[in-house]
Amino acid sequence: MRNLVLQEPEARVTGNVTISVSYAWHSIKVPVIVPLLRLAIMLCSVMSIMLFIERLYMAVVILCVKVLGKKRYTKYKLESTKEDLELNKSYPSVLVQIPMYNEKEVYRLSIGAACGISWPSDRLIVQVLDDSTNEVLRELVELECHRWMEKGVNIKYETRKNRNGYKAGALKEGLEKQYVEDCEFVAIFDADFQPEEDFLWRTIPYLLENPELGLVQARWKFVNADECIMTRLQEMSLDYHFSVEQEVGSSTCSFFGFNGTAGVWRIQAIKDAGGWKDRTTVEDMDLAVRASLKGWKFVFVGDLAVKNELPSTFKAYRYQQHRWSCGPANLFRKLTKEIILCERVSIWKRLHLIYAFFFVRKIVAHWVTFFFYCIVIPASVVVPEVKLIKPIAIYIPATITILNAVCTPRSLHLVVFWILFENVMSLHRTKALIIGLLEANRVNEWVVTEKLGNTMKLKNSLTILKKPRSRTVERIHVLELLMGMFMLHCAVYDLLYGKDHFFLYLLMQAVAFFIIGFGYVGTIVSS
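Predicted, not measured: the structure shown is a model, and the values here were computed from it.

Novice: Help me understand the pattern of salt bridges in this model?
Specialist: Working definition: two side chains of opposite charge can pair if their charged atoms are close together. Overall, the coordinates contain 21 salt bridges when judged by the stated rule. Of the charged contacts in the structure, one is a salt bridge between D286 and R290, with a shortest N-O distance of 2.8 Å. Here D286 pairs with R290, and both are found in helix α10 (residues 283–293), just four residues apart, close to one helical turn. The structure contains a network of salt bridges with shared partners spanning D226, R232, E235 and R410.

Spelled out as structure tokens, the structure:
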């Protein structure tokens, strides 16, 4: 059986089909496969070095920032600004926007948290932008708004007849309301975000002290990080994003991507940038880039965290990652020329936007993770004529992994699982970025990330179960299973004929693809 599947060139084979396949493989291997694989290794090696240098640069910057205590948000004199506000009673008017769409499980949490924010009541407007298509749910959300209205909160319930522009369209229409004209700032929270009572007191003073500041971004705090292994792994990736990427962007170029929520904008900055646009699925990043090109500066407040929920089902996470990978690639395609021609900002900032922010982090990172570690390295195992450069294939990714993992010390023991899971997800991210770059089908697909709120805690009303057999087919993911078989084939070949011991990695990666391919990841909730 072994000879029928994995054969040495000199081995005798039996059966016409086996002979034909073997002949075809060996006839194209040397003239076609080997040169292509060598080219792929060279390109992936260059991109790996680019990614390594970018990660190393950010590590050096964040180390200097922390050791020297030079975090940008610590330079502001917030206490004196707060004292001036309270002494002069010159509180600016603030709008709080909560866009939502069929958020059955979390609408009470988000509305309650927003209405509990501490700020003079005559200077605060809470705006619930409900695009729900479920009429019963709309009535419940409106009823919740009326309940807070009776408590003296200035809350507005807004609906639309359509979902044009999705979240961007809702936010845009919300800013066009007549009662918003006197508002100077707008705080935005997605439906699963729960800001603390003092959120505005810890953000608005930055904007008041520096008139050039257009955005104050807080970090995220995950209330369900311990729900399952998948949420723990997500926490590791997002902790790096906030602790390093956002902090470095804030400390060096005064630019980083708006996270779409848990931030406060100066409304004038939004207007100067041209307002909300729905041309991609990352309207938040689009607005941030355009505002930055107009000269507005941003600050990231790393010690201010807003509670929110991580997607705990694989389906929800997959859709979210498609949007987060496809959108930036498509935005890169649309904005590159505008960034290059913009003379209002420095060459350094434009270079940072094009090379570091978009190309390396949003394209190269996904491309290398999938094609190098899931295609090229396994393929090189079955093509012994091609030799891998071990420092690039082993030491560089190991260093990058360590730099990422140290941001979440409590999960260091999960680093191997994180690597395997990220490699599997790179399949979807790479597919999404190709769709974004080519503007292919699904480029503007918008699927709201499913939130479960307190559902998982209510064990009496809802039990966590494996789905019944009749729905097993829905959990099968063909691409992951095909990749798992490819990895397994390469692992067995390396185990039998190889000398580099890559089969250890390949076997583990194959198992990861199979586990996710059969749907055994994330939380499974009975319907």
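Novice: Would you mind showing me how to read the side chain of D190 here?
Specialist: Tracing the backbone shows D190 in the loop between β4 (185–188) and α7 (204–209). Once residues within four sequence positions are removed from consideration, D190 is found in contact with P99, S110, K167, G260 and T261.

Novice: Explain a nonpolar patch on the surface here, please?
Specialist: Together, I476, V478, L479, L482, M485, V511, I515, F518 and Y520 make up a nonpolar patch on the protein surface, roughly 810 Å² of accessible area in all. Elements with a minimum of two residues in the nonpolar patch: α15 (478–497) and α16 (503–517). Residue contributions to the nonpolar patch peak at four residues, all from α15. Mapped onto the fold, V511 is located in helix α16.

Novice: Sorry if this is basic, but what is going on with empty space enclosed by the protein here?
Specialist: If a probe the size of a water molecule is rolled over the atoms, the empty space left behind becomes visible. Per the counting criterion, the structure on display carries one cavity of 30 Å³ or more. Within this model, the largest cavity holds a volume of roughly 50 Å³. Lining the largest cavity are H241, E245, Q246, G249, F255, F256, G257, H352, F357, R361 and K362. For the lining of the largest cavity, the secondary structure elements donating two or more residues are α8 (229–252) and α12 (347–382). Here the residues of the lining of the largest cavity sort into three nonpolar, five polar and three charged.

Novice: It is not clear to me how the sheet that holds strand β1 (residues 94–100) should be interpreted in this structure. Could you clarify?
Specialist: As a general point, the strands of a sheet are linked pairwise by backbone hydrogen bonds and lie either parallel or antiparallel. The strand order β3-β2-β1-β4-β6-β5-β7 describes an open sheet built from seven strands, whose pairing is mixed. The open sheet has two free edges, formed respectively by β3 (155–159) and β7 (297–308), since each of these has just one partner strand. The mean inter-strand angle of the sheet, taken between neighbouring strand axes irrespective of direction, is 20°. With three bridges joining them, strand β5 (residues 213–222) and strand β6 (residues 263–266) adopt antiparallel strand pairing. Looking at the pairing, V216 lines up with V264 of β6. Of the strands in this sheet, β1, β2 (124–130) and β3 are in contact with helix α4 (residues 107–115), which crosses β1 at around 175°.

Novice: Can you walk me through the confidence of the model for the protein in this structure?
Specialist: In low-pLDDT regions, the fine details of the predicted coordinates are not to be read closely. Per-residue pLDDT for the protein has a mean of 89; in total, 91% of the residues score no lower than 70. Low pLDDT, under 50, characterises residues 1–6; the stretch is placed with ten contacts to residues that sit more than four places away or in other chains. For the stretch residues 458–470, pLDDT sits under 50, and the model shows 15 contacts to residues farther than four places along the chain or on other chains.

Novice: Before we go on, may I ask you to explain the UniProt feature "transmembrane region" (unreviewed entry) in the protein in this structure?
Specialist: Under the UniProt annotation, the feature "transmembrane region" (unreviewed entry) is placed at residues 39–68, 353–380, 392–421, 476–496 and 502–525. The span residues 476–496 is 90% helical and 0% strand by assignment, and the distance between its end C-alpha atoms comes to 30 Å.

Novice: Would you take a moment to explain the environment of L479 for this structure?
Specialist: Turning to its location among the elements, L479 is positioned in helix α15. Taking the relative accessible area as the measure of exposure, L479 reaches 37% and is therefore partly exposed. Every residue in contact with L479, bar those within four places of it in the chain, is listed here: L427 and K431.

Novice: It is not clear to me how the UniProt feature "domain: Glycosyltransferase 2-like" (unreviewed entry) in the protein should be interpreted in this structure. Could you clarify?
Specialist: According to UniProt, the feature "domain: Glycosyltransferase 2-like" (unreviewed entry) maps to residues 186–378 in the numbering used here. Counting secondary structure, residues 186–378 comes out at 55% helix and 15% strand; the distance between its end C-alpha atoms is 50 Å.

Novice: Before we go on, may I ask you to explain the packing of aromatic side chains in this structure?
Specialist: Pairs of aromatic rings are described using the distance from one ring centre to the other and the angle between the two planes. Tallying each qualifying case throughout the model produces 22 aromatic pairs. Taking 6.2 Å as the distance between ring centres and 75° as the angle between the ring planes, the aromatic pair formed by F256 and F300 counts as edge-to-face. Taken together, the residues F256 in the loop between α8 and β6 and F300 in strand β7 connect sequence positions 44 residues apart. By relative accessible area, F300 is classed as buried at 1%. For the ring pair F357 and F358, a centre distance of 5.1 Å and an interplane angle of 85° mean the geometry is edge-to-face. Exposure class is identical for F357 and F358. Each is buried. The side chain of K151 reaches across the aromatic face of W148, ending 4.3 Å from its centre. A cation sits over an aromatic face here: R323 above W446, 4.7 Å from the ring centre.

Novice: It is not clear to me how the packing of α12 against α15 should be interpreted in this structure. Could you clarify?
Specialist: Packed helices, taken two at a time, are described by the angle their axes make and the gap between the axes. Closest axis-to-axis distance for the α12/α15 pair is 8 Å, and the angle between their directions is 40°. The orientation of α12 with respect to α15, classified from their angle, is oblique. Where α12 crosses over α15, the two elements pack in a sense that is left-handed. Contact residues: F370, Y373, C374, I375, P378, A379, V381 and V382 in α12; M483, F486, M487, H489, C490, Y493 and D494 in α15. Taken together, the residues of the contact of α12 with α15 break down into 13 nonpolar, one polar and one charged.

Novice: Can you help me understand the nonpolar core in this one?
Specialist: Note that soluble globular proteins tend to have their nonpolar side chains buried in a common cluster. Ranked by internal contacts, the top residues of the largest apolar core, which has 96 residues, are I111, L200 and W265. Residues in contact with I111, not counting those within four places in the same chain, are I98, M100, V128, V141, E144, C145, W148 and I155. Formed by 54 residues, the second largest nonpolar core is a distinct cluster that contains I41, Y373, I377 and V382.

Novice: When you look at unusual backbone geometry in this model, what are you seeing that I'm missing?
Specialist: Trans peptide bonds make up most of the peptide bonds, and negative phi angles are found at most residues other than glycine. Located in the positive-phi region is K89, a residue other than glycine, with phi close to 55°. Mapped onto the elements, K89 comes out in the loop between α3 (78–88) and β1. With a phi close to 50°, Y166 is a non-glycine residue in the positive phi region. In this structure, Y166 sits in helix α6 (residues 166–175). Look at Y166 and you get partly exposed, because its relative accessible area is 33%.

Definitions and cut-offs
Residues numbered from 1 in each chain as written. Predicted model: local features only at pLDDT ≥ 70, side-chain atom pairs only at ≥ 80, totals over all residues. Heavy atoms only, no water. Salt bridge = Lys/Arg side-chain N within 4 Å of Asp/Glu carboxyl O. Helix = DSSP H or I, 4+ residues; strand = E, 2+ residues; numbered from the N terminus. Contact = heavy atoms within 4.5 Å. Patch = residues over 30% accessible without salt bridge, like charges linked within 9 Å, V, L, I, M, F, W, Y side chains within 5 Å. Areas by Shrake-Rupley, 256 points an atom, 1.4 Å probe, with all protein chains shown as cover. 1 Å grid on protein atoms, 1.4 Å probe; cavity = no way out; pocket = protein on both sides within 12 Å on 5 of 7 lines; lining within 4 Å. Points joined across faces, edges and corners; volume = space filled by probe spheres on them. Nonpolar A, V, L, I, M, F, W, Y, C, P; charged D, E, K, R; others polar. Pairing = 2+ DSSP bridges. Axes fitted to C-alpha atoms, helices over the stretch in contact; angles between N-to-C directions. pLDDT = per-residue confidence, 0-100. UniProt positions renumbered as here; feature names shortened; annotations may be inferred. Buried < 20%, exposed > 50% of the residue type's maximum accessible area, 1.4 Å probe, protein only. Phe/Tyr/Trp six-rings, centres within 6.5 Å; stacked < 30°, edge-to-face > 60°. Lys NZ or Arg CZ within 6 Å of the ring centre and 35° of its normal. Parallel < 35°, antiparallel > 145°, perpendicular 65-115°, else oblique. Left-handed = near helix turned anticlockwise from the far one by under 90°. Core = buried A, V, L, I, M, F, W, Y, C linked by side-chain atoms within 4.5 Å.

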